Every structure is written in C-alpha cells, then in structure tokens.
Amino acid sequence: MRFSALARWGILGVVVIAISAALGFYVHTPSEVDLVPARAQQSAEAPTIGGPFTLLDHDGKTVTDQDFRGRFMLVFFGFTYCPDVCPTSLTTIAEALDMLGKDAGKIAPLFVTVDPERDTPEQMKMYVGHFHPSIIGLTGSLDQIDRAARGYRVYYAKVMEEDGGADDYLMDHTAITYLMGPDGEFRAFFSHDTTPQEIAQRLREFL
Ligand code: NI
C-alpha cells in the first residue's frame, strides 16, 4: 500500500517535470545562469576546507590562522612518532620549498600534530627541525586539535599496539597537504605520492 502510494507520487512527479520542461520552466535560460556570480555558485557547492584554528606553535606561543594571513599556508597533519608517512611527506615538502628558492618565504609550512598527548611544543620543534628550518610545528589541547582537524576534513584515530603500554600507539591519519591562500581560503591539495617537483611547479603557479 505504502509503496504503491509512493510510486504514484513518483509518477506524478515525473509527469510534472516533463510538463514543466515542455513549457520551458524547468530548463534554466542562459540569462538566469549568468545572473549568479561564478564565485557564489562555487561556494554553494564546494565544501569548505580550513577555517579558523587556535593552536600552540613549537615555541609554546599561541597562534591562530589569522597570524598567517598574507602568506600561503601549506598545511599537513601528522605526528612525530609516525613511522613512514609523515617523514616522507615532510621530506617532500622540504624539497619543494628548497626548489622555490626565495619564493618559499611566501609560504608558511605548518605541521599540525594529531597526537598532542605526546607531541609537546619541544617535541614538535625538535622534530620539524630535522626536515626544514621554516616548517612550523603546531600542537594544542585535544579539543583545539580536533577543531583544526575537522576544519581541514582530516580524519585521525589512535591505534593501540597489542600487548603494549598506554603510550604504545600509532595514529591513523589523512595524509593530504593543503595549500591555503594568503586570504586563508583553500587553493589546492597534494596527495601523499605527489613529488617535490610537482608540488614546486604547482606552487609557482600560485605565488
Ligand atoms: Ni604520519
């Protein structure tokens, strides 16, 4: 009974759409489309990536996304105990920055930990220093990290080691590097397997 009632409404809907199309109501005329700014169309459809964050830099100073306005941000989430993905990504970012030469100064490379329980500012500072002097390590409270990760649509989860202690765990995490513009808006993203050459070339198009 329920289904047949639904089916009837469905058929009615199709008939209404067909009639509307025939009468020209359903099809947008070009003039209507032109009235909507391209930018508004884009923002209505594309999910936002990024947004505000408040975190602690590797010197223990509170920083927000606003502190980086005027510079591009290259944002990568990970953790210092990461066995392979993070070291690879940070090496790639470091090499891309070196290829840009002086233009690299227009970019703030940010490494945000998803493991703030172990990644203290001191730990972050020591770690990012291994890769590139300009990389800024960011940590914070569990809540601050969670908000930042949500903004960037980054997934992360603690994976406990079997038979290990409370500190024996790894973090599963999204391994995408985001490029944000000087206005803080999303520009591009790089997957984990993007080469330093590819990243440098793409960055040059924006700088
Ligand atoms: Ni990692």
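Everything in this summary refers to the structure shown in the same document. Keep in mind that what you see is a predicted model, and the values were worked out from it rather than measured.

**Description of the packing of aromatic side chains**
The description of two aromatic rings rests on the distance between their centres and on the angle between their planes.
Turning to step 1, where the next piece is worked out: Counted according to the given criterion, the structure contains seven aromatic pairs.
Turning to step 2, where the next piece is worked out: Ring plane angle 65 degrees and centroid distance 5.2 Å describe the contact between Y127 and F131, whose orientation is recorded as edge-to-face.
Turning to step 3, where the next piece is worked out: Note on Y127: relative accessible area 9%, which makes it buried.
Turning to step 4, where the next piece is worked out: Each residue in the set F76, F111, Y127 and F131 is aromatic and connected to the rest through ring pairs, giving one cluster.
Turning to step 5, where the next piece is worked out: Cation over ring: R118 sits above Y81, and NZ or CZ is 4.2 Å from the ring centre.
Turning to step 6, where the next piece is worked out: Taking the ring centre of Y169 as reference, the NZ or CZ of R118 above it sits at 3.6 Å.

**Overview of the coordination of the nickel ion**
Turning to step 1, where the next piece is worked out: For the nickel ion, the protein coordination sphere consists of C82 (SG), C86 (SG) and H173 (NE2), at 2.0 to 2.2 Å.
Turning to step 2, where the next piece is worked out: Along the chain, the residues that donate to the nickel ion are spaced as C-x3-C-x86-H. Per residue, the accessibility class of C82 equals that of C86, and both read buried.

**Overview of the pairing of strand β5 (residues 136–139)**
Turning to step 1, where the next piece is worked out: Side chains I136 and L138 project from β5 onto one buried face, and the interleaved G137 and T139 project onto a second face that is buried too.
Turning to step 2, where the next piece is worked out: Pairing geometry for strand β1 (residues 54–57) and β5, over two bridges, is antiparallel. Within the sheet, the bridge partner assigned to L56 lies in β5 and is T139.
Turning to step 3, where the next piece is worked out: The sheet contact formed by strand β4 (residues 107–113) and β5 spans three bridges and is parallel. For V112, the partnering residue across the bridge sits in β5 and is L138.
Turning to step 4, where the next piece is worked out: Between the parallel pair β4 and β5, the chain is carried across by helix α5 (residues 121–129), and the sense of this crossover is right-handed.

How each quantity is defined
- Counting restarts for each chain, with residues numbered from 1 along the sequence as it is written.
- In view of the model being predicted, local features appear only for residues whose pLDDT reaches at least 70, and side-chain atom pairs are presented and counted only at 80 or more, with totals across whole chains, interfaces and linings using the full set of residues.
- Water and hydrogen atoms were dropped before computing side-chain values, which therefore reflect all heavy atoms in the structure.
- Only centres within 6.5 Å qualify two rings of Phe, Tyr or Trp (six-membered ring in Trp) as a pair; their planes then separate them into stacked at under 30 degrees, edge-to-face at over 60, and tilted for everything else.
- Categorising residues by exposure relies on relative accessible area from a 1.4 Å probe, with only protein chains included: less than 20% of the type maximum marks a residue as buried, more than 50% marks it as exposed, and the intermediate range marks it as partly exposed.
- Placement of a charge over a ring requires the Lys NZ or Arg CZ to be within 6 Å of the ring centre, with the centre-to-atom vector within 35 degrees of the ring normal.
- The rule for donors is simple: N, O or S, within 2.8 Å of the metal, or within 3.2 Å if the metal is Na, K or Ca. Water isn't counted, so a site may look like it is missing partners.
- A helix here means a DSSP run of H or I that spans at least four residues, while a strand means a run of E at least two residues long, and both kinds are numbered starting from the N terminus.
- One requirement defines pairing of two strands: DSSP has to find at least two bridges between them.
- Looking down the strands as they point away from the viewer, one classifies a crossover as right-handed if the path from the first strand across the helix to the second runs clockwise.

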